[in-house]
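Here is what each chain is made of, one letter per residue.
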Amino acid sequence: MAMTGNRFLLGFAVGLIIAIGALAAFAWSGVYGIGADDPHSRPVSAFLASVRDRAVRARAAKLEVPRDLSSEVRIRQGAGNYDAMCATCHLSPGSSGSELNRGLYPAPPRLDVARVDAAQAFWVVKHGIKASGMPAWGKSMNDEYIWNMVAFLGALPGLDAGQYQTLVAASGGHSHDGQGTDDHGDHEHRSPDHHDEAELPDVPEAARDAVAVVDAFGTALVAGDLGKAKLLLDPRVIVLEAGGAQRSREEYMSDHAVADARFLRGAHVQVTRRIARTGGDMAWVATESTIHAHGDKPASSLSTETMVLERKGNAWRIVQIHWSSQER
Ligand code: HEC
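Residues numbered from 1 in each chain as written. Predicted model: local features only at pLDDT ≥ 70, side-chain atom pairs only at ≥ 80, totals over all residues. Heavy atoms only, no water.

A few points about the pattern of salt bridges
This model, assessed by the stated rule, comprises ten salt bridges. Lys126 is paired through a salt bridge with Asp143; the nearest N and O atoms lie 2.9 Å apart. Of this pair, Lys126 sits in helix H6 (residues 118–127) while Asp143 sits in helix H7 (residues 143–155), placing them 17 residues apart in sequence. Here Lys126 falls in the partly exposed class, since its relative accessible area comes to 25%. Taking the relative accessible area as the measure of exposure, Asp143 reaches 33% and is therefore partly exposed. Among the salt bridges present, the one from Arg311 reaches Asp281, with a minimum N-O distance of 3.2 Å. With Arg311 in strand S7 (residues 299–312) and Asp281 in the loop between strand S5 (268–279) and strand S6 (282–293), this pair connects stretches of sequence that are 30 residues apart. Taking relative accessible area as the criterion, Arg311 reaches 34% and is therefore assigned partly exposed. (Salt bridge = Lys/Arg side-chain N within 4 Å of Asp/Glu carboxyl O. Helix = DSSP H or I, 4+ residues; strand = E, 2+ residues; numbered from the N terminus. Buried < 20%, exposed > 50% of the residue type's maximum accessible area, 1.4 Å probe, protein only.)

What follows is the structure, given as structure tokens:
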């Protein structure tokens, strides 16, 4: 009985050595296609996909998903980061493709179409996926921001191109806190939510509606929709721009608005800082942004803007605008 057991073990060991040797010879020979344009065979793909799926599931099962993932604030905050950090690979509503999306293998799924499980998406975004193009964003982004991103991913497949752009414009642009980015020392003067050039917006709850009007006005100008822009201005608005003044909505709409819309047409506007305050029926919103305009002459500029708004009935209307900008 003991003999048979030993023989079996010996046979097994020899078999194992031969198998490892064959595998090493195969690797050494260089015959296996490693190019991203040379897909794995079906069994290999299926094996790798199940390794990935099982690994993600097992780890995601331990996560506690926040209950408020459908919160508008989370969704809006995630939108700007998605546009800045993910859309080149995972695309966005209305986009027909990108070089990265076409060239990567495995291909990044279209997240404006595919629905993803919240816990699994969180795990993948935080840790990335080995030997694929999917980075570990947890190295630069804190968990709360990743959950905001997951909240946005939940809403994304239902959005059309216009709704997507509006959300991106309304969010704080590319902004998230993360490890390793907070090393400039002067904590007194900055919010800790610092990343590259963007700061988290400093907007109290009471000022949110006023800020939404400011953003809707900007979005309308970028879209060339002067009718909509006009609706958000008080008839007696004062617009201060380039050292000059327009003293009514009529005056602004008939002249400068047309030029502003032409300049901004299709521009990429990224809000880098924002502060808003309200008191009674008045609000002010100060915004710093970078503008990449593609219009008549492509240009990149830094823009600062103050808008004063007044609440009329239920709606905020813009009563004063001050713009100044400089070329980059
Ligand atoms: C450089 C390209 C690239 C960028 C940028 C990128 N990803 Fe990915 N992502 C991938 C690839 C490739 C995969 C597929 C990996 C695989 O299947 O093994 C993937 C997979 C995913 C998945 C899993 C999808 C599923 O069906 O399981 C999620 C969720 C995801 N990415 C979210 C994001 C988010 C959110 C961002 C931005 C913060 C982002 N990705 C940025 C390339 C990218």
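Continuing now.
With respect to the coordination of the iron atom of the ligand
Protein coordination at the iron atom of the ligand comes from His90 (NE2) and Met134 (SD), with a distance range of 2.0 to 2.2 Å. Seen from the iron atom of the ligand, its six donor atoms lie at angles of 87 to 177°, and the figure they make is octahedral. One end of the pair, His90, is in helix H4 (residues 87–90); the other, Met134, is in the loop between H6 and H7, and 44 residues separate them in sequence. The same class applies to His90 and to Met134, which are both buried. (Donors = N, O, S within 2.8 Å, 3.2 Å for Na, K, Ca; no water. Tetrahedral: all angles 85-135°; square planar, octahedral: opposite > 155°, others 65-115°.)

As for the nonpolar core
Counting 32 residues, the largest nonpolar core has Phe217, Tyr252, Leu309 and Ile318 as the members making the most contacts within it. If you list the elements that add at least two residues to this core, you get helix H9 (208–222), strand S3 (233–241), helix H11 (249–254), helix H12 (256–264), S6, S7 and strand S8 (315–327). With eight residues, the single largest contributor to this core is H9. Non-local contacts of Phe217, meaning those with residues more than four positions away in its chain, are made with Ala229, Leu232, Leu233, Tyr252, Met307, Ile318, Ile321 and Trp323. (Core = buried A, V, L, I, M, F, W, Y, C linked by side-chain atoms within 4.5 Å. Contact = heavy atoms within 4.5 Å.)

Here we look at the site of the ligand
In the vicinity of the ligand there are 20 residues, among which Arg52, Cys86, Cys89, His90 and Met134 approach most closely. Here an oxygen atom of the ligand sits 2.5 Å away from a polar atom, N or O, in the side chain of Arg52. Here a nitrogen atom of the ligand and a side-chain polar atom of His90 are 2.7 Å apart. The set of elements that each furnish at least two residues to the shell around the ligand consists of H4 and H6. (Near = heavy atom within 4 Å. Polar contact = N/O pair within 3.5 Å; in protein donor to acceptor, adjacent residues only side chain to side chain.)

What to know about the pairing of S6
Sheet topology note: the S5/S6 ladder contains eleven bridges and is antiparallel. Of the residues in S6, the one forming a bridge with Ala276 is Val285. Here S5 folds back onto S6 in antiparallel fashion, the turn holding two residues, of which Gly280 has a positive phi close to 60°. Two elements, S6 and S7, share twelve bridges in a ladder whose sense is antiparallel. Paired with Glu288 across the bridge in S7 is Thr304. (Pairing = 2+ DSSP bridges.)

Points about the sheet that holds strand S4 (residues 244–246)
Spatial ordering of the open sheet is given by S4-S3-S8-S7-S6-S5, a layout of six strands whose pairing is mixed. Where the open sheet ends on each side, the last strands, each with one partner, are S4 and S5. Here the strands of the sheet are splayed against their neighbours by 15° on average, with no regard to which way each runs. Bridge count between S7 and S8: twelve bridges; the pairing is antiparallel. Along S8, the bridge assignment pairs Leu309 with Ile318. Along the sheet, H9 makes contact with S3, S5, S6, S7 and S8, crossing S8 at roughly 55°. (Axes fitted to C-alpha atoms, helices over the stretch in contact; angles between N-to-C directions.)

Section: unusual backbone geometry
Cis geometry marks the peptide bond from Tyr105 to Pro106, where omega comes out at 0°. If you trace the backbone, Pro106 turns up in the loop between helix H5 (99–103) and H6. The phi angle at Leu91 is positive, at roughly 65°, despite the residue not being glycine. Within the fold, Leu91 resides in the loop between H4 and H5. A positive phi is found at Ala242, a non-glycine position, where the angle reads about 50°. Relative to the helices and strands, Ala242 resides in the loop between S3 and S4.

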